[in-house]
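Residue-level structural notes
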Amino acid sequence: MSGTGTVLRELRGAQKSSKGVSLYSRYVNRPAGRLLAAGAYRAGLSPNQVTTISALFTFASIAAVGLVEPSWWLGVAVYAGLAVGFAFDSADGQLARLTGRGGPDGEWLDHVVDCAKMILVHSAVLISFHRFGALPGEGWLLLPLGFLFVAVLTFCAGLLREQLGRAAARTVPAAKGPGAPASRFRAVALLPADYGVFCLVFLLLGAPGAFRAGYAALAAVHTVFLVAFLVKWFRELKALRAG
């Protein structure tokens, strides 16, 4: 079996494009996932097993949000669990590309876990608000529901855009020439929409008012991004049809 250094070098050569990826994913989550993928490779784990580990960290952290009274220590534990789960979410794909053991089943499992965590994390916030939050008004209970709607619609619309784009690419000749380089401005602009950045808000669980404010601000930002993404994806698909 190859040494860890050799595996890491091979993993660096098997990275997906950085285009459309935020700075957090590019410089924090992917490198962390690369280390975890190297460890998983050395341990003989399959990509699907790594996905399962990601799910365990993520769902345990989400369950704690809804079941445990908010505190500073809980916020640190929840953030750590979500961040580790997100890094393992990156590791499974990197391991699949390294070993060639990826397939439709692995991609399906990865998307199922991603969809489940988006639904559950906002549901857990709603439960926490109801059980433990001294809310200024009952209208705050609508906030997690709205954020849930935005998150799921963004995920489903983006996934469908990807699948329809692949289908169109099989019938429309690809444009020649190198693709546009990854934009640093875009990488910075996408930071508020990155799941890893979203996880940071749970560090504020010990201060309910600050957590609500941070969570509400992220919900507003994600809503703006959803509108921008929907317009962009619609135009891209329309252009594919015209091409």
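Residues numbered from 1 in each chain as written. Predicted model: local features only at pLDDT ≥ 70, side-chain atom pairs only at ≥ 80, totals over all residues. Heavy atoms only, no water.

**A word on the overall build of the protein**
Rules: Comment: elements are numbered from the N terminus, with helices defined as DSSP H or I runs of at least four residues and strands as E runs of at least two. Buried residues are those whose accessible area, probed at 1.4 Å on protein chains only, stays under 20% of the maximum for their type, while exposed residues exceed 50% and partly exposed ones sit between those limits. The criterion used for residue contact is that any of the two residues' heavy atoms lie within 4.5 Å. To be clear on the numbers: accessible area is Shrake-Rupley with a 1.4 Å probe, and residue cover counts the displayed protein chains and nothing else.
In terms of helices and strands, the protein carries 9 helices and 0 strands. Element order for the protein, N to C, with α for helix and β for strand: α-α-α-α-α-α-α-α-α. Expressed as a percentage of its 243 residues, the buried residues of the protein come to 38%. Here the contacts in the protein between residues at least 6 apart in sequence split such that 83% fall between residues at least 24 apart. By element, 68% of the accessible surface of the protein is carried by carbon and sulfur atoms, the whole surface being about 12900 Å².

**A closer look at the packing of aromatic side chains**
Applicable threshold: Pairing of aromatic rings covers Phe, Tyr and Trp, the last counted by its six-membered ring, and requires centre-to-centre distances within 6.5 Å; plane angles under 30 degrees mean stacked, over 60 mean edge-to-face, and any other angle means tilted.
Counting across every chain of the model gives 13 aromatic pairs. Ring geometry for Tyr24 and Phe86: centres 6.4 Å apart, planes at 10°, overall stacked. Of this pair, Tyr24 sits in helix H2 (residues 23–43) while Phe86 sits in helix H4 (residues 72–99), and the two are 62 residues apart along the sequence. A residue is classified by how much of its surface remains accessible, and Tyr24, at 13% relative accessible area, is buried. The class of Phe86 is buried, set by a relative accessible area of 11%. Geometrically, the ring pair formed by Phe147 and Phe198 is edge-to-face, given 5.6 Å between the ring centres and 75° between the ring planes. Taken as a pair, Phe147 in helix H6 (residues 142–169) and Phe198 in helix H8 (residues 195–199) lie far apart in primary sequence, 51 residues in all. Phe198 carries the same exposure label as Phe147, and that label is buried.

**A short note on H6**
Note on helix geometry: an α-helix contains 3.6 residues per turn, so any two residues three or four positions apart are oriented the same way. Put simply, the rule reads: Any helix carries an expected span of 1.5 Å times its number of residues minus one.
Compared with an ideal rise of 1.5 Å per residue, which puts 28 residues at 40 Å, H6 spans 40 Å between its outermost C-alpha atoms and is within 8% of the ideal. Those residues of H6 that fall on the buried side of the exposure criterion are Leu143, Pro144, Phe147, Leu148, Val150, Ala151, Phe155, Ala157, Gly158, Arg161, Gly165 and Ala168.

**Observations concerning the pattern of salt bridges**
Put simply, the rule reads: When a carboxyl oxygen of Asp or Glu lies within 4 Å of a side-chain nitrogen of Lys or Arg, that pair is called a salt bridge.
The full count for this structure, using the stated rule, is 4 salt bridges. Asp89 is the partner of Lys117 in a salt bridge, and the nearest nitrogen-oxygen pair spans 3.6 Å. Residue Lys117 is located in helix H5 (residues 104–132), and its partner Asp89 is located in helix H4; the two are separated by 28 residues in the primary sequence. Per residue, the accessibility class of Lys117 equals that of Asp89, and both read buried. Between Lys232 and Glu236 there is a salt bridge; the shortest N-O distance is 2.5 Å. Separated by 4 residues within a single helix, Lys232 and Glu236 lie in helix H9 (residues 208–242), roughly one turn from each other. With a relative accessible area of 26%, Glu236 lands in the partly exposed category. Beyond isolated ion pairs, a larger network of salt bridges with shared partners links Asp89, Asp114 and Lys117.

**As for the nonpolar core**
Heads up, the rule is: We call a set of buried Ala, Val, Leu, Ile, Met, Phe, Trp, Tyr and Cys residues a nonpolar core when their side-chain atoms join them within 4.5 Å.
By size, the foremost hydrophobic cluster in this structure holds 26 residues, and its most contacted members are Val78, Leu82, Val125, Phe198, Phe202, Phe211 and Tyr215. Those elements that provide at least two residues to this core are helix H3 (47–67), H4, H5, H6, H8 and H9. Among the elements that make up this core, the one with the highest residue count is H4 (6 residues). For Leu82, the residues in contact, after removing those within four places along its chain, are Thr58, Ser61, Ile62, Tyr195, Cys199 and Phe202. Core analysis: the second largest hydrophobic core is formed by 6 residues, Ala37, Val50, Phe88 and Ala91 among them.

**Some remarks on the packing of H3 against H5**
What counts here: Orientation is described by axes fitted as lines to C-alpha atoms, over the contacting stretch for helices, and by angles from 0 to 180 degrees between their N-to-C directions. In this scheme, roughly parallel covers angles under 35 degrees and roughly antiparallel covers those over 145, while 65 to 115 is roughly perpendicular and the rest are oblique. In this classification, Asp, Glu, Lys and Arg are treated as charged, Ala, Val, Leu, Ile, Met, Phe, Trp, Tyr, Cys and Pro as nonpolar, and every other residue, Gly included, as polar.
Packing of H3 against H5 leaves a shortest axis separation of 8 Å and a crossing angle of 10°. In terms of orientation, H3 lies roughly parallel with respect to H5. Of the residues belonging to the contact of H3 with H5, the class tally is 14 nonpolar, 6 polar and 4 charged.

**Examining the packing of H3 against H4**
Definition in use: By definition, turning the near helix anticlockwise from the far helix through less than a right angle yields a left-handed crossing, and turning it clockwise yields a right-handed one.
At a closest axis distance of 8 Å, the pairing of H3 and H4 adopts a crossing angle of 165°. Taken together, the axes of H3 and H4 are roughly antiparallel relative to one another. At the point where H3 passes H4, the crossing takes the left-handed sense.

**Things to note about H4**
Taking 1.5 Å per residue as the helical rise, H4 with its 28 residues ought to reach 40 Å, and the 40 Å between its terminal C-alpha atoms agrees with that figure. Just beyond H4, the residue with positive phi is Gly100, at close to 70°.

**Focus on the side chain of Thr51**
Along the polypeptide, Thr51 turns up in helix H3. Given a relative accessible area of 3%, Thr51 falls into the buried group. For Thr51, the contacting residues outside a window of four places in its chain are Asp92, Leu109, Asp110 and Val113.

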